[in-house]
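The chain contents come next:
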Amino acid sequence: MPETPGDSTAFHDLTAFLAIPRVNGLALSPDGKRLVAAVGTLNAEGNACVSGLWELDPASVREPRRLTRSRKGESAPAFATDGTLYFLSGRPDGDPAAVEEAEEGSAVWALPEHGEAILTARHPGGIAGFCLARDTGTLAYSAGLLPGAADAAAHAKLRKDRADAKVTAILYESGPTRYWGSDLGPDEQHTFVRARGGHGSPVDAGGQGSVSETETALSPDGTRVAHTRFVHGAVPDRCRTVVVIADAATGEQLRVIDRDGFVYSAPLFTADGTGLICTRQLLETYETPYSYTLVRVDLADGAESELVPDFENWPIGATVSPRPDDATVWFAADELGHSPVFRRDPDGTVTRLTATGTYTSLCVAPDGRTLYALRSGVDSPPTPVRLDAAAPDQEPVALKAPGGVGRLPGTLTEVHTVADDGFPLRSWLVLPEGASAERPAPLIVFPHGGPETSWNAWTWRWNPWPFAARGYAVLLPDPALSSGYGPRMHERGWGQWGGQPYRDLMAATDAAEARPDIDATRTGLAGASYGGYLANRIATLTDRFKAIVSHASLWDLRAFQSETDVSAYFRRIFGDPLTRPERYEANSPALAADRVRTPVLVVHGGKDYRVPVGQGMALFQDLQRREVPTKFLYFPDEGHWILAPNHARLWYATLLGFLDHHVRGEEWQRPELV
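A brief structural summary. Computed from a predicted model, the values in this text were never measured in an experiment. (Residues numbered from 1 in each chain as written. Predicted model: local features only at pLDDT ≥ 70, side-chain atom pairs only at ≥ 80, totals over all residues. Heavy atoms only, no water.)

### A few points about the overall build of the protein
Alright, step 1. Tallying secondary structure elements over the protein gives 12 helices and 38 strands in all.
Alright, step 2. Its C-alpha atoms give the protein a radius of gyration of 25 Å, near enough to 26 Å, the size a compact globule of 674 residues would have.
Alright, step 3. Considered along the principal axes of its C-alpha atoms, the protein spans approximately 70 × 60 × 55 Å.
Alright, step 4. Put simply, of all contacts in the protein between residues at least 6 apart along the chain, 55% involve residues at least 24 apart.
Alright, step 5. Surface summary for the protein: the accessible area is close to 27400 Å², and the carbon and sulfur share equals 50%.
Alright, step 6. In the protein, 64 positive and 85 negative side-chain charges are present, and the distance between their average locations comes to 2 Å. (Helix = DSSP H or I, 4+ residues; strand = E, 2+ residues; numbered from the N terminus. Rg over C-alpha atoms; globule rule 2.2 N^0.38 Å. Contact = heavy atoms within 4.5 Å. Areas by Shrake-Rupley, 256 points an atom, 1.4 Å probe, with all protein chains shown as cover. Lys, Arg positive; Asp, Glu negative; His and termini not counted. Charge placed at Lys NZ, Arg CZ, Asp CG, Glu CD.)

### Here's the deal with the pairing of strand 18 (residues 253–257)
Alright, step 1. By the bridge criterion, four bridges tie strand 17 (residues 240–247) to strand 18 in an arrangement that is antiparallel. Its bridge partner being in strand 18, Val 244 is matched across the sheet by Val 256.
Alright, step 2. Counting the residues that bridge the hairpin from strand 17 to strand 18 gives five residues, and of these Gly 251 lies at a positive phi of roughly 85°. (Pairing = 2+ DSSP bridges.)

### Looking at helix 6 (residues 500–513)
Alright, step 1. Spanning 14 residues, helix 6 covers 20 Å between terminal C-alpha atoms, matching the ideal 20 Å at 1.5 Å per step.
Alright, step 2. For helix 6, the buried fraction is high: 12 of the 14 residues fall into the buried class.
Alright, step 3. Of the positions making up helix 6, those classed as buried are Gln 500, Pro 501, Tyr 502, Asp 504, Leu 505, Met 506, Ala 507, Ala 508, Thr 509, Ala 511, Ala 512 and Glu 513. (Expected span 1.5 Å × (residues − 1). Buried < 20%, exposed > 50% of the residue type's maximum accessible area, 1.4 Å probe, protein only.)

### Structural notes on the packing of aromatic side chains
Alright, step 1. Under the criterion given, the structure shown has 32 aromatic pairs.
Alright, step 2. Ring geometry for Phe 17 versus Trp 460: centroids 5.8 Å apart, planes at 35°, classification tilted. Taken as a pair, Phe 17 in helix 1 (residues 14–18) and Trp 460 in the loop between strand 33 (441–445) and helix 4 (465–469) lie far apart in primary sequence, 443 residues in all. For the pair shown, Phe 17 and Trp 460 are each scored as buried.
Alright, step 3. When the ring of Phe 331 is compared with that of Phe 342, the centres are 5.6 Å apart and the planes differ by 15°; the resulting orientation is stacked. With Phe 331 in strand 24 (residues 329–333) and Phe 342 in strand 25 (residues 341–344), the pair connects residues that are 11 residues apart, well separated along the chain. Phe 342 matches Phe 331 in its accessibility class, with the two residues each being buried.
Alright, step 4. Through successive ring pairs, a cluster of aromatic residues spans Phe 11, Phe 17, Phe 446, Trp 455, Trp 458, Trp 460, Trp 462, Phe 467, Trp 651 and Tyr 652. (Phe/Tyr/Trp six-rings, centres within 6.5 Å; stacked < 30°, edge-to-face > 60°.)

### Some remarks on the pattern of salt bridges
Alright, step 1. One pass over the full model with this rule turns up 37 salt bridges.
Alright, step 2. Linking Asp 478 and Arg 426 is a salt bridge whose minimum nitrogen-to-oxygen distance equals 3.7 Å. With Asp 478 in the loop between strand 34 (473–477) and helix 5 (487–493) and Arg 426 in strand 32 (residues 424–432), the pair connects residues that are 52 residues apart, well separated along the chain.
Alright, step 3. Of the charged contacts in the structure, one is a salt bridge between Asp 622 and Arg 625, with a shortest N-O distance of 2.9 Å. Residue Asp 622 and its partner Arg 625 are located together in helix 11 (residues 613–625), separated by three residues, close to a single helical turn.
Alright, step 4. Given a relative accessible area of 57%, Arg 625 falls into the exposed group. (Salt bridge = Lys/Arg side-chain N within 4 Å of Asp/Glu carboxyl O.)

### Looking at the sheet that holds strand 32
Alright, step 1. Across the sheet, eight strands lie side by side as 31-32-34-33-35-36-37-38; this open sheet has mixed pairing. The open sheet has two free edges, formed respectively by strand 31 (410–418) and strand 38 (630–635), since each of these has just one partner strand. When the angles between neighbouring strand axes are averaged without regard to direction, this sheet yields 20°.
Alright, step 2. Note: strand 35 (residues 518–528) against strand 36 (residues 548–551), four bridges, orientation parallel. Bridged to Gly 527 within strand 36 is Ser 550. (Axes fitted to C-alpha atoms, helices over the stretch in contact; angles between N-to-C directions.)

### Thoughts on the packing of helix 6 against helix 7 (residues 530–541)
Alright, step 1. With their axes 11 Å apart at the nearest point, helix 6 and helix 7 run at an angle of 80° to one another. Judged by the angle between their axes, helix 6 and helix 7 are roughly perpendicular. Between helix 6, through Pro 501, Tyr 502, Leu 505 and Met 506, and helix 7, the contact on the second element is made entirely by Tyr 530, Leu 534, Ile 538 and Leu 541.
Alright, step 2. Across the contact of helix 6 with helix 7, the residue classes tally to eight nonpolar, no polar and no charged. (Parallel < 35°, antiparallel > 145°, perpendicular 65-115°, else oblique. Nonpolar A, V, L, I, M, F, W, Y, C, P; charged D, E, K, R; others polar.)

### Points about the layout of surface pockets
Space left empty within the atom packing is revealed by a probe, the size of a water molecule, rolled over the atoms.
Alright, step 1. Volume-wise, the second largest pocket comes out at about 710 Å³.
Alright, step 2. The wall of the second largest pocket is formed by 25 residues, among which Arg 470, Ala 653, Gly 657, Gln 669 and Pro 671 lie closest to the centre.
Alright, step 3. Sorting the residues of the lining of the second largest pocket by element identifies helix 4 and helix 12 (645–663) as the ones contributing at least two each.
Alright, step 4. Across the lining of the second largest pocket, the residue classes tally to 12 nonpolar, six polar and seven charged. (1 Å grid on protein atoms, 1.4 Å probe; cavity = no way out; pocket = protein on both sides within 12 Å on 5 of 7 lines; lining within 4 Å. Points joined across faces, edges and corners; volume = space filled by probe spheres on them.)

### Structural notes on the sheet that holds strand 9 (residues 127–132)
Alright, step 1. Within the open sheet, the four strands sit side by side as 9-10-13-14. Their pairing is antiparallel. Where the open sheet ends on each side, the last strands, each with one partner, are strand 9 and strand 14 (203–207). Shown here is a sheet whose adjacent strand axes are inclined to one another by a mean of 25°, direction ignored.

Structure representation (structure tokens):
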């Protein structure tokens, strides 16, 4: 039975936990007076999370006000220069003939401050993303075109012809063929541009390649558009992403930002329109880890300059002031279990603005003096906040917003230790209420995915607090390859996924178990993706854990490298298994299956293309053959993540039941509905 004392919290009831509203992206109006957030809530049936738009008061005086309520939901809010609010939605537009078309995907809608939403742009099959020019209201959006289709009308006809013929086949002439949980094709995403109030067909500014994050930007005056394009190399391992700049009125390609050995993404025009800021990634190799930085490309001559050359961590989510005379750049970056906001002044000076928390969705006020953002942490969900745009290491002001989790069923602290190579290690440790030397808590270790990420933000999928509500302490370690600890952290684990990261994780576990409020005799481990790989690796190297949960995990690395949607990335790190088998032989858990003794719960989604389901099935079968106590929780309709609320509830219940049985010695109780 649960060991947590005290009153119940939302985390003691999985239904209540999954019903908590989730605040997503922010948008700030050009005059700085209106702040809008996308907020996800459960639908009436409780089986899906639907996003709606809420207006928040930047001064945090007025209560939040809901703006939209359609059954399909609304997302991706953005303001035009006149204050009109644009968003994506799959809602019908009132025309009965359009209802069927609306079912096919999202369209762009415009909502004036007073009045009803108006359909602005629709494309057969739906629009994936959009952006607006700051000064003119020009609209750019990403949508698909089938091979042979010159425009939306031809695309619609080809879609109908395929549907009428019951054809779903796709002919690939180059790879990749999948991305995360989706099959790529047969259509290719293109960037379309339409002037504000324009009529007729939008301008096609070019294809984005078969892999796209719909990263599109418009210059402030709406004359140029930039988007990412996936480029197929002569061989798959040479694939990369470039940034294309095109004339917004004609679609003519003006410049391609591309250098051998680098990947470019996340284009953002400077406030004066003379430059483009991009994220530049050093492409990983067998010997060298990848890394990120920010660069500015001069639109006149193409000259490229690094904005933060001495910054050791990886900048993400950059934004700029709307003032043309202000070249300040703000960004976030993982750092020691947080992801603070940083300010880069025109002279190159970088200042950290926040001391704690993880920040996303940065919005700059018109005068450049105030920032709005979403702040989260391991102990707090994303919350809209207000920041001084220049003050170092400040505490943000929380704004009134939907959501809130109430009291947590425990406390958050840190664990520090030193690795076997002398590198300092830190981890988060969630302690349940009542944990003490007199009543030590059982421990669950959560290795994170990635592997180039870190535990620094709230997560709804692998949230430690339902486990704390059950009486478990949860260790969230950042071993070698984790982000936010400088380049040495990546170098220490490069190419040896099961080597230094494993030893770091064991050192962190030792440090946690040495605490008097932790029961070292009752420890389990649960991980997903790369964390699931580490779970499998650990199962072959030690039997110190009472139980292991392996979700969406890598088991046979030779098979994985040819099945995954990121085969090129993986082979650049591990090499060709036929000519360079060393890393596969040293790191593949499947080769040491005979050593596994620990009970294992295998979890996998049938539509997982990042770590294909064959990895989970092989793991389950290999353990069964060796008579290892094992169970397999399979979600045929889920991908790499278990997203449907009813499935997420079942996921938490199964993990908790499995751990209760093997870590605490309680009787196994099969979850309902499976």
